[in-house]
Amino acid sequence: MQNKIDLFARQSVVVVGDVFLDEYLIGRAERLSREAPIPVLEYDRRRQVPGGGANPAMNIAALGAKAIQIGVIGDDPEGAALRALLTAAGVDAAGLIVDPSRPTALKTRIVAEGELRFPQQMARVDRQSREPLSESIRAQLAAALKRSVEAAGAKAILFSDYRAGLIDEPLVAVARALAQGRGLLLAADTQGDLEKYRGFALVKCNRAEAEAYVGKPLVNDADVALALAELTARLDLEAMLITRGARGLSLGLQNKGVVHLPATNASQVYDVTGAGDTVIAVATLALAGGADPLTAATLANYAGGIVVRRWGNAVVTREELEEEIRKHST
């Protein structure tokens, strides 16, 4: 597996996604309010990180590969902050399209620190537009996707679909056309919206999303195996990953069976935020570098086990992944 990680730095991946700015307002709970039965937080600091469809690009860049981000932001301070954060992390943010008619999607978490090892979320406030994107913005997105693939010599296009309205059938069709002409790998983290991604090389969803699609509970390995066989055949997928929390993840290959990978870390789970983004980023990067699907899934499983030990959106570095491989090889 080490040789596959060595190839990461040679890969270039275009990430198309519903990008958010994740904001954390952090304070200490010192007393209860006299106005309501809630704690009063003494403000300490603010933390901002790229979230949603920007998190896979952050992971790809942290592993030493080139990530190009495609998405929509507003003409506002939050959009400027998101672009700056991506750029500082080594992500090419030239594909972010500014739409002055809508705000940058912002997720603000109110967080209390205390004696526990990790802060605790008290509430979350989301700000995002539900209005459809204009035809002009959609045309700019398609153009940015074409331009990014051509300029970067991309090996893969990864859709990070948070179902916030950015990714539609025409945009996926643009990616299909680009892939056919260049032999690009197509991958998607679907959030359960599977139909758009027929014929892709790799698709990921979690267990609850797979259950909603097949219309029945997936209680055990046998249930998941049947679902993967059905889904890979029905959607003509080369490979599909279903993440299963403490039960790890399962890999299905069309007409080639299913492999269940146990969780590499089921006890030190502090925050699952963004873990799925890490899984799809690592799996896509590994496949783009020539790894077989099982190796790609195994590396992704290792990476997911690392980020759930941390608080908030987190990324995995090459050095951390190498250490995790060594740990599980001994």
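Now for a quick tour of the structure. Treat the numbers as computed from the prediction; the structure is a model and nothing was measured. (Residues numbered from 1 in each chain as written. Predicted model: local features only at pLDDT ≥ 70, side-chain atom pairs only at ≥ 80, totals over all residues. Heavy atoms only, no water.)

### As for the nonpolar core
For step 1, the next point in the chain: Judged by nonpolar contacts, the single largest core of 57 residues is most densely connected at F8, I60, L86, L202, L241 and L321.
For step 2, the next point in the chain: Considering every element that reaches this core, the biggest residue donor is helix α8 (residues 275–288), with 10 residues.
For step 3, the next point in the chain: The contact partners of F8, leaving out residues within four places of it in the chain, are L63, G64, A65, L285, A286, L299 and L321.
For step 4, the next point in the chain: The next biggest cluster of nonpolar side chains, apart from the first, holds 44 residues, and it includes V149, A175, A179 and L186. (Core = buried A, V, L, I, M, F, W, Y, C linked by side-chain atoms within 4.5 Å. Buried < 20%, exposed > 50% of the residue type's maximum accessible area, 1.4 Å probe, protein only. Helix = DSSP H or I, 4+ residues; strand = E, 2+ residues; numbered from the N terminus. Contact = heavy atoms within 4.5 Å.)

### Let's talk about the sheet that holds strand β6 (residues 106–113)
For step 1, the next point in the chain: On the basis of which strands lie adjacent, the open sheet formed by four strands has the order β3-β2-β6-β7 and mixed pairing. Either end of the sheet is taken by a strand with one partner, and the two such strands are β3 (39–52) and β7 (120–127). Across this sheet, the average inter-strand angle for adjacent strands is 20°, counted without regard to direction.
For step 2, the next point in the chain: Pairing geometry for strand β2 (residues 19–32) and β6, over eight bridges, is parallel. (Pairing = 2+ DSSP bridges. Axes fitted to C-alpha atoms, helices over the stretch in contact; angles between N-to-C directions.)

### Describing the sheet that holds strand β9 (residues 185–189)
For step 1, the next point in the chain: The mixed open sheet is built from nine strands, whose spatial order is β5-β4-β1-β8-β9-β10-β11-β12-β13. Strands with a single pairing partner mark the edges of an open sheet, and in this sheet they are β5 (92–98) and β13 (257–261). Mean inter-strand twist for the sheet, computed between neighbouring axes without regard to direction, equals 15°.
For step 2, the next point in the chain: In the sheet, strand β4 (residues 66–73) pairs with β5 via five bridges, with the strands oriented parallel. Across the sheet, I70 pairs through a bridge with G95, a residue of β5.
For step 3, the next point in the chain: Here helix α2 (residues 55–62) sits on the sheet in contact with β1 (12–17), β4 and β8 (156–160), set at roughly 160° to β4.

### Description of the pattern of salt bridges
For step 1, the next point in the chain: A complete count under the given rule lists 22 salt bridges for this structure.
For step 2, the next point in the chain: Note that R138 and D168 form a salt bridge whose closest N and O atoms lie 3.2 Å from each other. Taken as a pair, R138 in helix α4 (residues 135–152) and D168 in the loop between β8 and α5 (169–182) lie far apart in primary sequence, 30 residues in all. Of the two residues, R138 and D168, neither departs from the other in class, the shared state being buried.
For step 3, the next point in the chain: Taking the shortest distance from any N to any O, the salt bridge between R182 and E150 comes out at 3.3 Å. Linking R182 in helix α5 with E150 in helix α4, this pair joins segments that are 32 residues apart in sequence.
For step 4, the next point in the chain: Here the salt bridges share partners, and the residues they tie into one network are D44, R45 and E113. (Salt bridge = Lys/Arg side-chain N within 4 Å of Asp/Glu carboxyl O.)

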